[in-house]
Amino acid sequence: MPLITLDMSSGVTTDPVDTIGVETNGATLSCTASGNPTIGWEKVGGGTVPSDVTVTSDADSVTSTLAFSDLKPSDGGQYQCVADYGGLGEHASSPATLTVYVLTAEPVGDAVLLGTGASFTCESNGVPTAVNWYKDDVLVTDTQLISTVGSTSKLEVTSSAFTDKGWYKCEYVFDQGTTTSEKAYLSIRGFQMEPLDSVGVEENSVTFTCTVHGESEATITWTKSGVTTTDGVTTTYSDPVTTS
């Protein structure tokens, strides 16, 4: 009876290749083995491997594709496929590295006084091809507000106005997909209306009114000739806050 030998070096004929994916997007790794083995996948060093595997075969080989549909940072690492020829043994591929691009810093909400500056920052572990910023889900088109250097992007308001209040987020665009930050709220606080000079008549009344804008209650103090007064002061808390 002739001796049958298995050339294990010809088991996996096409190794998976290093791949880059983007958080919340998809990515795939593929390998091909000769003959008709059962192909499994494992993460080098241990870890969870997705169960979404597609297998195609022909008379001479089997190809297995490992699919990631919703990438997470924890999916990053090295993966290899293993061709199992039953009693004849196994043959493992060379490992391939899956790199997951994620946002490592996202904008943080802030509250600033009217006329002062505010800024938001986003960072990633990969260099994007483009970065977009949105305010209240509308694209910010004023490029003077935005600066992007490498993997860091900033949106900066140098002198805030009430129209700058709202929800801000960044979107990083890579060749492999896009990822978007959580929204951060910018609150602008200050006088929306200040008291005006008035003329009164003796024994009649006169009213001074100011309105303060902000998403939280403000402490409002009135002074007369530099001295704090509470006589006749009424305050209505709403958005904005009005006092007279």
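Residues numbered from 1 in each chain as written. Predicted model: local features only at pLDDT ≥ 70, side-chain atom pairs only at ≥ 80, totals over all residues. Heavy atoms only, no water.

One open sheet holds the four strands; their spatial order is β10-β12-β16-β15, and the pairing between them is antiparallel. Both outer strands of the open sheet, β10 (103–105) and β15 (146–149), are each paired with one neighbouring strand and no more. Here the average twist between neighbouring strands, direction ignored, is 25°. Of the strand pairs in this sheet, strand β12 (residues 118–124) and strand β16 (residues 152–157) are connected by six bridges, and their pairing is antiparallel. (Pairing = 2+ DSSP bridges. Helix = DSSP H or I, 4+ residues; strand = E, 2+ residues; numbered from the N terminus. Axes fitted to C-alpha atoms, helices over the stretch in contact; angles between N-to-C directions.)

Glancing now at the state of the cysteines. According to the stated counting rule, one finds two disulfides in the structure shown. Disulfide pairing places Cys 31 opposite Cys 81 at an S-S distance of 2.2 Å. Taking the torsion about the S-S bond as the criterion, the Cys 31 to Cys 81 disulfide, at about 125°, is right-handed. With Cys 31 in strand β3 (residues 27–34) and Cys 81 in strand β7 (residues 77–84), this residue pair connects regions lying 50 residues apart in the sequence. Of the two residues, Cys 31 and Cys 81, neither departs from the other in class, the shared state being buried. In the protein chain, the cysteines engaged in disulfides, taken in order along the sequence, are linked 1-2, 3-4. (Disulfide = S-S within 2.5 Å. Buried < 20%, exposed > 50% of the residue type's maximum accessible area, 1.4 Å probe, protein only.)

Counted according to the given criterion, the structure contains three salt bridges. Two residues, Lys 169 and Asp 137, come together in a salt bridge whose shortest N-O distance is 3.1 Å. Of this pair, Lys 169 sits in strand β17 (residues 166–174) while Asp 137 sits in the loop between β13 (130–135) and β14 (138–139), and the two are 32 residues apart along the sequence. When its relative accessible area of 18% is taken as the criterion, Lys 169 is described as buried. Residues joined by salt bridges that share partners form a network here, namely Asp 137, Lys 169 and Lys 183. (Salt bridge = Lys/Arg side-chain N within 4 Å of Asp/Glu carboxyl O.)

An order of β1-β3-β6-β5 is seen for the four strands of this open sheet, with the pairing classed as antiparallel. Edge strands, defined here as strands with exactly one partner in the open sheet, are β1 (12–14) and β5 (53–57). Ignoring which end each strand starts from, the neighbouring axes of this sheet average 30° apart.

This part takes up the nonpolar core. Nonpolar side chains in soluble globular proteins tend to end up buried together. Core analysis: the largest hydrophobic core is formed by 20 residues, its most contacted members being Phe 120, Trp 133, Leu 155, Cys 170, Tyr 172 and Leu 186. Elements that contribute at least two residues to this core include exactly β12, β13, β16, β17 and β19 (184–193). The greatest single-element share of this core, amounting to four residues, is contributed by β17. Formed by 18 residues, the second largest nonpolar core is a distinct cluster that contains Val 12, Phe 68, Leu 71 and Tyr 79. (Core = buried A, V, L, I, M, F, W, Y, C linked by side-chain atoms within 4.5 Å.)

Moving on to the environment of Ala 59. The topology assignment puts Ala 59 in the loop between β5 and β6 (61–68). With relative accessibility at 76%, the residue Ala 59 sits in the exposed group. Note: C-alpha distance between Ala 59 and Gly 35 (24 residues apart in sequence) is 7.5 Å.

Any two aromatic rings considered together are summarised by their centre-to-centre distance and by the angle between their planes. On inspection of all chains with the given rule, the structure shows five aromatic pairs. Measuring from ring centre to ring centre gives 5.4 Å for Phe 68 and Tyr 79, while their planes differ by 75°; the resulting arrangement is edge-to-face. Here Phe 68 is found in strand β6, whereas its partner Tyr 79 is found in strand β7, with eleven residues between them in sequence. Each member of the pair, Phe 68 as well as Tyr 79, carries the same accessibility label: buried. Centre to centre, the rings of Tyr 101 and Phe 174 are 4.8 Å apart; their planes meet at 40°, and the pair counts as tilted. On the criterion of sequence distance, the pair formed by Tyr 101 in strand β9 (residues 96–101) and Phe 174 in strand β17 is long-range, its members being 73 residues apart. One exposure class covers both Tyr 101 and Phe 174, and it is buried. Ring pairing ties together the aromatic residues Tyr 101, Tyr 172 and Phe 174, which thus form one cluster. (Phe/Tyr/Trp six-rings, centres within 6.5 Å; stacked < 30°, edge-to-face > 60°.)

Take unusual backbone geometry next. Although it is not a glycine, Asp 136 sits at a positive phi angle of roughly 55°. If you trace the backbone, Asp 136 turns up in the loop between β13 and β14. We note that Asp 137 has phi near 65°; this positive angle belongs to a residue other than glycine.

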